[in-house]
Amino acid sequence: MTDDIIRLSAAQLAEKLAARDVSSVEATRAHLDRIGAVDGDVHAFLHVSDRAVDVAADIDRRRAAREELGPLAGVPLAIKDVLVTTDMPSTSGSKILEGYVSPFDATVVARSRAAGLVPLGKTNMDEFAMGSSTEHSAYGPTRNPWDLDRVPGGSGGGSAAAVAAFEAPLALGSDTGGSIRQPAHVTGTVGVKPTYGGVSRYGSIALASSLDQVGPVTRTVLDAGLLHDVIGGHDPNDATSIPDAWPSFAEAAREGARGDVLKGLRIGVVKELPDSGFQTGVAASFREALARMEAQGAQIVETSAPHFEYAVAAYYLILPAEASSNLAKFDSVRFGMRVDVPGGTVEDVMSVTRDAGFGPEVKRRIILGTYALSAGYYDAYYGSAQKVRTLIQRDFAEAFASVDVIATPSAPTTAFRIGEKIDDPLSMYLNDLTTIPANLAGVPGISVPSGLAAEDGLPVGIQFLAPAREDARLYRVGAALEALLVDEWGGLLIDRAPELHASDAKGAAR
Ligand code: GLN
């Protein structure tokens, strides 16, 4: 029974809950049991809620009382630790925030609770969302359920692994340069970075405010749409929040799955992103997905985005600059950790605390960002990077004048081995080659599983990008491709992941 429940998509589980075939307490217990059985190995969670069953019981009571409940009421949810919560600690993967409990809930968390979702716990991440592997977490790495010796991507590797390991049907993530989409790619799951301003960032511990966006992490495109409908929309507490009404993304996904949205769809392929930069199996899976879509009437159009190749360089000036400013608030006075220095000044305490509280990647980026913003270099570095950002926005505008979506592989390689890139920051940064342009331009992106790489049998994702505010288009196209592939495979890609066995390794280092 437990195994049946955890393998349902959120949409399927929601149906069973509504029909009262399954109670939310049963569903919640099934996922907590699964966490108990496999998370010692996977380490997707930093904290598991002790209130989940009570919250679920309350939903069951309300359902029994015939209260009107939202479509996802009673479905469990994992929450990336970058999002603050009143009933669980929020560390953003950092020692400096160890044990920190927020006095308020992030808007996306408050909306999830109001919709009757059941928070299961907080998921692991690279410290302050800096990284592509979850190895920069101060609390140890998360492991990829497809191969426990490999990374689950990052920074949101915990959320992706939780969903891929059937520890949660749904999760929340944040994407500043790819942290939802790249983990989706390497774990065979679905991840969406909404249009900048489409989902509130209030209560999301800021990494780089002009790039950060919160979004859904799921196993199906429809589930992502359902969760996006819950968390999205205007929030007066976020000054960058778009005030307009949005269409239903779940509806868009349903339309995509049944209709013929691929007929006549113009899919742009960026000619400046050469196949040679991608692992063979990643490039092959990408081409095959395009060919399948073409067979359904889509048109593959070569499109130009000449400035994409500068995106990573520009991003690694803009992000550290904004991060160095955002992280200045961790000053040993207002939040989290403080290391006492007997007889020391305030500056001494601050400096010793920050030295002890931040990990090496965070320090690297603070130094880089402060340097890029310093008076003598501001124009040369930060100023130039902002100009490149404008050129990338123009590339998108020109491309979208003649195509409906742009498609790229979601990342250049499949999941790499734990330890493989940790000492080589540049090669880690380059893993975000195809995801970063969307953050610089504020446009939405989705990663959908496209197959397994022949050489290593690991999952590969295809990314679709659409113009700002056209998130619904991504759900239509993503669901259309997913439906084709599910037909062909006889199920989801994630159903082919190797079985994880209950372990008693409980957090033990492997
Ligand atoms: N991997 C990218 C980085 O290290 C993206 C991080 C993110 O999206 N939060 O900055």
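I will try to describe carefully the structure that is included in this document.

Parameters at a glance
- Here the residue numbering is sequential within each chain, running from 1 through the sequence in written order.
- Whole-chain, interface and lining totals are the exception, using all residues; otherwise, since this is a predicted model, local features are given only for residues with pLDDT of at least 70 and side-chain atom pairs are given and counted only at 80 or more.
- Processing note: side-chain calculations cover all non-hydrogen atoms of the structure and skip hydrogens and water entirely.
- Summary of the distance rule: residues count as near a molecule or strand when at least one heavy atom falls within 4 Å of that molecule or strand.
- Elements are defined by DSSP. Helices are runs of H or I of four residues or more, strands are runs of E of two residues or more, and each kind is numbered from the N terminus.
- Only Asp, Glu, Lys and Arg are considered charged in this grouping, and only Ala, Val, Leu, Ile, Met, Phe, Trp, Tyr, Cys and Pro are considered nonpolar; every other residue, Gly among them, is considered polar.
- By definition, a salt bridge exists where a carboxyl oxygen of Asp or Glu is found within 4 Å of a side-chain nitrogen of Lys or Arg.
- Buried, partly exposed and exposed residues are distinguished by accessible area as a fraction of the type maximum, computed with a 1.4 Å probe on protein chains only: under 20%, between the cut-offs, and over 50%, respectively.
- Pairing of N or O atoms within 3.5 Å defines a polar contact, subject to two protein rules: one partner must be a possible hydrogen donor and the other a possible acceptor, and residues neighboring in sequence count only if both atoms are side-chain atoms.
- Following DSSP output, two strands are said to pair if at least two bridges run between them.
- By this rule the span expected of a helix is its residue count minus one, scaled by 1.5 Å.
- The contact definition used throughout considers only heavy atoms, calling two residues in contact when any of these lie within 4.5 Å.
- Here, nonpolar core refers to any group of buried Ala, Val, Leu, Ile, Met, Phe, Trp, Tyr and Cys residues whose side-chain atoms link them within 4.5 Å.
- In this description, a line fitted to the C-alpha atoms serves as the axis of each element, helices being fitted only across the stretch in contact, and the angle between N-to-C directions of two axes falls anywhere from 0 to 180 degrees.

Further remarks concern the site of the ligand. Among the 16 residues in the neighbourhood of the ligand, the closest are listed as Thr-176, Gly-177, Ser-179, Tyr-315 and Asp-432. Looking at which element gives the most residues to the shell around the ligand, the answer is helix H11 (residues 311-326), with 3 residues. Considering only residue class, the shell around the ligand consists of 6 nonpolar, 7 polar and 3 charged.

Okay, the pattern of salt bridges next. All told, the structure shown has 22 salt bridges when counted by the stated rule. For Glu-470, the salt bridge identified is with Arg-473, shortest N-O distance 3.6 Å. Taken together, the salt bridges that share partners define one network made up of Arg-51, Asp-87, Asp-105 and Arg-113.

The next subject is the side chain of Asp-175. Counting through the fold element by element, Asp-175 comes out in the loop between strand E4 (170-174) and helix H7 (181-187). Exposure remark for Asp-175: the relative accessible area of 0% places this residue in the buried category. In this structure the side chain of Asp-175 is engaged in a polar contact, spanning 3.2 Å, whose partner is the backbone nitrogen of Ile-180.

Counting buried residues in strand E10 (residues 445-452) gives 7 out of 8 residues, a clear majority hidden from the surface. Here strand E5 (residues 190-193) runs beside E10; their pairing, made up of 3 bridges, is antiparallel. By the bridge assignment for E10, Val-192 is matched with Ile-446. Pairing geometry for E10 and strand E11 (residues 459-465), over 7 bridges, is antiparallel. Counterpart to Ser-447 in the pairing with E11 is Gln-463. From the end of E10 to the start of E11, which pair antiparallel, there are 6 residues, and Gly-457 there has a positive phi angle of about 70°.

To continue, consider H11. The α-helix winds at 3.6 residues per turn, so residues separated by three or four positions along the chain end up facing the same way. Its 16 residues give H11 an end-to-end C-alpha distance of 22 Å, which sits within 8% of 22 Å, the value for a rise of 1.5 Å per residue. In terms of residue burial, H11 counts as a mostly covered element, since 14 of its 16 residues are buried.

Turning our attention to the environment of Ser-133. Within the secondary structure, Ser-133 sits in the loop between strand E3 (118-123) and helix H6 (157-164). In the structure, Ser-133 is positioned 285 residues away from Ile-418 in sequence and 8.0 Å away in space, judged by C-alpha atoms. Setting aside residues no more than four positions away along its own chain, Ser-133 makes contact with Asp-126, Val-151, Pro-152, Gly-153, Gly-154, Phe-416 and Met-428. Within polar-contact distance, the side chain of Ser-133 engages the side chain of Glu-135 at 2.7 Å.

Let's shift gears to the environment of Leu-492. Relative to the assigned elements, Leu-492 resides in the segment after helix H17 (471-489). Sequence-wise, Leu-492 and Gly-157 are 335 residues apart; in three dimensions their C-alpha atoms are separated by 20 Å. Each residue touching Leu-492, except ones within four places of it in the same chain, is listed here: Arg-219, Thr-220, Glu-482 and Val-486.

Attention now moves to the nonpolar core. Ranked by internal contacts, the top residues of the largest apolar core, which has 93 residues, are Leu-72, Val-75, Leu-83, Val-108, Phe-128 and Phe-396. A total of 10 residues in this core trace back to one element, the largest contributor, which is H11. The contact partners of Phe-396, leaving out residues within four places of it in the chain, are Phe-308, Ile-406, Pro-437, Ala-438, Ala-441, Val-443 and Leu-465. Formed by 31 residues, the second largest nonpolar core is a distinct cluster that contains Ala-252, Ile-462, Leu-474 and Ala-480.

Once that is clear, we can look at the sheet that holds E10. Strand order in the open sheet formed by 11 strands is E1-E3-E2-E4-E6-E5-E10-E11-E9-E7-E8, and the pairing between neighbours is mixed. Edge positions in the sheet fall to strand E1 (45-48) and strand E8 (299-303), since each of these pairs with one other strand and no more. Geometrically, the sheet is characterised by an average inter-axis angle of 30° between neighbouring strands, direction not taken into account. Examined bridge by bridge, strand E2 (residues 76-80) and E4 share 3 bridges and lie parallel to one another. Of the residues in E4, the one forming a bridge with Ile-79 is Leu-172. Helix-sheet contacts for helix H3 (residues 24-42) involve E1, E2 and E3, and the interaxial angle to E3 is about 20°. Its contacts with the sheet place helix H14 (residues 379-400) against E8, strand E9 (405-409) and E11, and it is angled at close to 120° to E9.

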